[in-house]
Structures are given as C-alpha cells and as structure tokens.
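Working through the structure, step by step
Residue strings, one per chain:
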Amino acid sequence: MRLDELPRSDNVEDRRSEDGGASFRIPGGRGGLGIGTIIVLGLVGYWLGIDPSVLIGGAEILTGGGTSQQPSSPAPRDSAQTGAPSDQMGQFVSAVLGSTEAQWQKIFAQYGKTYEPPTLVMFSGATRSACGFAQSAMGPFYCPNDRKVYLDTSFFQDLERRFRACDAGSKSCQFSQAYVIAHEVGHHVQNLLGILPKVQQVQQGLDKVEANQVQVRVELQADCLAGVWAHHSQETWNFIEPGDVEAAMQTASAIGDDRLQRRTQGYVVPDAFTHGTSQQRTRWFMTGLNSGKVDSCDTFNAAQL
C-alpha cells in the first residue's frame, strides 16, 4: 500500500499519552459500532466492538434520507493532541483518514450532499467516549453519539499475531489496517445518511434473533462502503500494491462471526451472528471494491447476503 500521495487529515485526536486508568469499565449498549465482536473465555472476556444491539433497522442509500442529529461531543482531555501525529503510525492513520475524507466528500457532492468528516481518536489502553468508556480490548469502533472513531492501534498487532488476519510484518498488512479504519468510517457514512437513527427506531419491535439478523446487514454494508472507498482511492492515487487486496480479504475472513465463534467456543451459532460470516464479509467488501457504487451496498434489500 502506497501512502505517498494520500492527503493527511488533521481530524485526529491523539490521546495515546493519557493514563487510561484501570478502573474503566466495558461500555454497555450506548450505541458504539465495532469491526467485530469476539467473546473469549476469561474473567471479563475479550471484545472487539461495543454492544451492537442499538444498530437494528432499515437503511437508505444516498438518494434519500437526511442527516441524523446527535448530541455535541464531550470536550477532549487536556492532554489530547489534535492534528496529524508525527510518528509513523500516526501518519498512517492520518493518511487513511484523509483519503476517506477526500473520497466521501466527492461522493456526497455528486448527490448534492455535504460530507462532514468524523474525528478519529487514537488512544492507548483506555479512554472515554460518548458511548461509554473505551478499552483496547474492544478494538476499533464508531460512536454515533459524538461522531468519532476510536482506535487503539494495538488492535493491529492483534490482527497479525492473535488472529493471523494478515502475514505479520508484511507491508500488505497496512491495507488490512486501512480496511478496518474505512469500515468504521463506513458507519459514520451510515450515520450521516440517517441509517443509524432508523436502525434505533426499528430495533424496538424486534426480538434478539431478528435484531441480530438486521445488525448483520448494518455491518456488511459498512464493509461494502469500505470497498467503495478503496475503489475510488485506487482510481485517484493507484495506491494498492500486489497482495494488498488478498490481505484485506484475509482480515475480513478472520473476523467473520463463524470463524470467531469456532475459535472461541468450538462451534457456530448463526442466530448469534452480528457481523456476518467470513464469506459474507469478504463478498460485500469486494462488491464495493469492484463497483465503486454506493447503491451496490444496499444490504437491507439484498435477497442473499
């Protein structure tokens, strides 16, 4: 993955120097959306994503719907630094975020809409969000309450080492990491289009199994939107190198519900899926990557996921 020509974003809030403290709790259903949910046997378990139950409902693509109204974000801590960090990881995150801003601004403009970019919060260990306290064990997530993406970059090491989602140390792992960020930005796009508020409304009338089924469609749509970003970024900057797409697909497969359940409990419970199978996640990312069209990401009306 080539970063040279990607624009850098200043919408980065660097909290990695903060002392998160050991007293932070895992947030419960206040609306965060993560890349996946992993339950590992242990004292408190290992989570990649906040409770997704809030994200249940129908969707609109860019041709309809409005912008959701969210509470104002809480003030950052005094120790937080804003702007593109100067270290290698900070520059990488800033470049990926900057590329999502450039592409979604153009796409929204085609439909007469204005794209309002999210802030990406880099943290280490734990921090606070408008969806509750964030811990590194939760992995990356998007909080619609403050319109921020939260990322402890140690998650990338887990992708390589714990979940073998890409070949550890390889340059192609960068594109896998970019896919993770683009997925969370995909949730922000859903929020701007009014999809997430509708999800909350419809959630009220669904049982747990039905809620999970619709949640899967929310997550697969975010995967597809990540593919749309990659398509247009490739056209603009030709930044994808050999092996990158394969590494991203390896990552998408590694965090599929079926594979994660087999890894953590030895068997699969489809009714408990919240993010989609490995095959579904890879297919919807590739759908967005190949088409580059947002309307190809209408997972809510797809006959087959």
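Scroll up to find the structure this text is about.
Now for a quick tour of the structure. (Residues numbered from 1 in each chain as written. Predicted model: local features only at pLDDT ≥ 70, side-chain atom pairs only at ≥ 80, totals over all residues. Heavy atoms only, no water.)

Remarks on the overall build of the protein chain
Quick note on the threshold: Helix numbers and strand numbers start at the N terminus; a helix is a DSSP run of H or I with at least 4 residues, a strand a run of E with at least 2. Accessibility here uses a 1.4 Å probe with only protein chains present; expressed as a share of the type maximum, an area under 20% marks a residue as buried, one over 50% as exposed, and anything in between as partly exposed. Whether two residues touch is decided by their heavy atoms; if any such pair falls within 4.5 Å, the residues are in contact. Note that accessible areas follow from Shrake-Rupley with a 1.4 Å probe, and for residues the cover is restricted to the protein chains shown.
From N to C terminus, the protein chain includes eight helices and eight strands. Here the protein chain, with 305 residues, has 58% of them falling under the buried criterion. A separation threshold of at least 6 residues defines the contact pool for the protein chain, and within that pool the share at least 24 residues apart is 78%. Carbon and sulfur atoms make up 47% of the accessible area of the protein chain, which totals about 12400 Å².

Here we look at the nonpolar core
The cut-off we apply is this: Among the buried residues, those of types Ala, Val, Leu, Ile, Met, Phe, Trp, Tyr and Cys that are joined through side-chain atoms within 4.5 Å form a nonpolar core.
If you look at the biggest cluster of nonpolar residues, it comprises 61 residues, and the most contacted ones within it are Met1, Phe92, Trp104, Phe175, Ile181 and Trp229. Counting residues per element, this core draws most heavily on helix α5 (residues 208-237), which supplies eleven residues. Ignoring any residue separated from it by four or fewer positions in sequence, one finds tryptophan 229 in contact with Val96, Ser99, Thr100, Gln103, Trp104, Phe175, Ala178, Ala182 and Phe239.

Points about the pairing of strand β5 (residues 126-129)
Counted only if it meets this: Between any two strands, pairing holds if DSSP finds at least two bridges.
As paired elements, β5 and strand β6 (residues 132-135) share four bridges and run antiparallel to each other. Bridging across to β6, arginine 128 finds its partner in phenylalanine 133. Between β5 and β6, which pair antiparallel in sequence order, lie two residues.

What to know about the pattern of salt bridges
Here is the rule we go by: Definition used for salt bridges: Asp or Glu carboxyl oxygen within 4 Å of a side-chain nitrogen of Lys or Arg.
In this structure the tally under the stated criterion is seven salt bridges. In this structure, the salt-bridge partner of arginine 2 is glutamate 241, at a minimum N-O distance of 3.5 Å. Linking arginine 2 in the segment before β1 (12-15) with glutamate 241 in the loop between α5 and α6 (244-254), this pair joins segments that are 239 residues apart in sequence. Using a relative accessible area of 33% as the deciding quantity, one classes arginine 2 as partly exposed. Between glutamate 13 and lysine 148 there is a salt bridge, with its nearest N and O atoms 3.1 Å apart. In this pair, glutamate 13 is assigned in strand β1 and lysine 148 in strand β8 (residues 148-151), connecting sequence segments 135 residues apart. For the pair shown, glutamate 13 and lysine 148 are each scored as buried. Residues joined by salt bridges that share partners form a network here, namely Glu13, Arg15 and Lys148.

Some words on unusual backbone geometry
The backbone phi angle of arginine 147 is positive, close to 60 degrees, even though this residue is not glycine. For asparagine 238, which is not a glycine, the phi torsion comes out positive at approximately 50 degrees. Looking at the secondary structure, you find asparagine 238 in the loop between α5 and α6.

As for the packing of helix α3 (residues 173-192) against α5
To keep it simple, the criterion reads: In this analysis, axes come from line fits to C-alpha atoms, helices being fitted only over the stretch in contact, and the angle between any two N-to-C directions falls in the range 0 to 180 degrees. Two helices that cross are described as forming a left-handed crossing if the nearer one is turned anticlockwise from the farther one by less than a right angle, and a right-handed crossing if clockwise. Note on residue classes: Ala, Val, Leu, Ile, Met, Phe, Trp, Tyr, Cys and Pro are nonpolar, Asp, Glu, Lys and Arg are charged, and everything else, Gly too, is polar.
The contact between α3 and α5 brings their axes to 7 Å, and the two run at 115 degrees. Here α3 and α5 pass one another in a crossing that is right-handed. Here α3 contributes Phe175, Ala178, Tyr179, Ala182, His183, Gly186, His187, Val189 and Gln190 to the contact with α5, which in turn contributes Val218, Glu219, Gln221, Ala222, Asp223, Leu225, Ala226, Trp229 and Ala230. Grouping the amino acids of the contact of α3 with α5 by side-chain chemistry returns eleven nonpolar, five polar and two charged.

A short note on the packing of aromatic side chains
For the record, the criterion: A pair of aromatic rings is counted whenever rings of Phe, Tyr or Trp (Trp by its six-membered ring) have centres within 6.5 Å, and the orientation is called stacked for planes under 30 degrees apart, edge-to-face for over 60 and tilted otherwise.
Following the criterion strictly, the structure yields eight aromatic pairs and no others. Ring centres of phenylalanine 175 and tryptophan 229 lie 6.3 Å apart, and the angle between their planes is 20 degrees; this geometry places the pair in the stacked category. Here tryptophan 229 lies in helix α5 and phenylalanine 175 lies in helix α3, a separation of 54 residues in the sequence. Between phenylalanine 175 and phenylalanine 239, the aromatic rings sit 5.9 Å apart at their centres with planes inclined by 65 degrees, giving edge-to-face as the arrangement. With phenylalanine 175 in helix α3 and phenylalanine 239 in the loop between α5 and α6, this residue pair connects regions lying 64 residues apart in the sequence.

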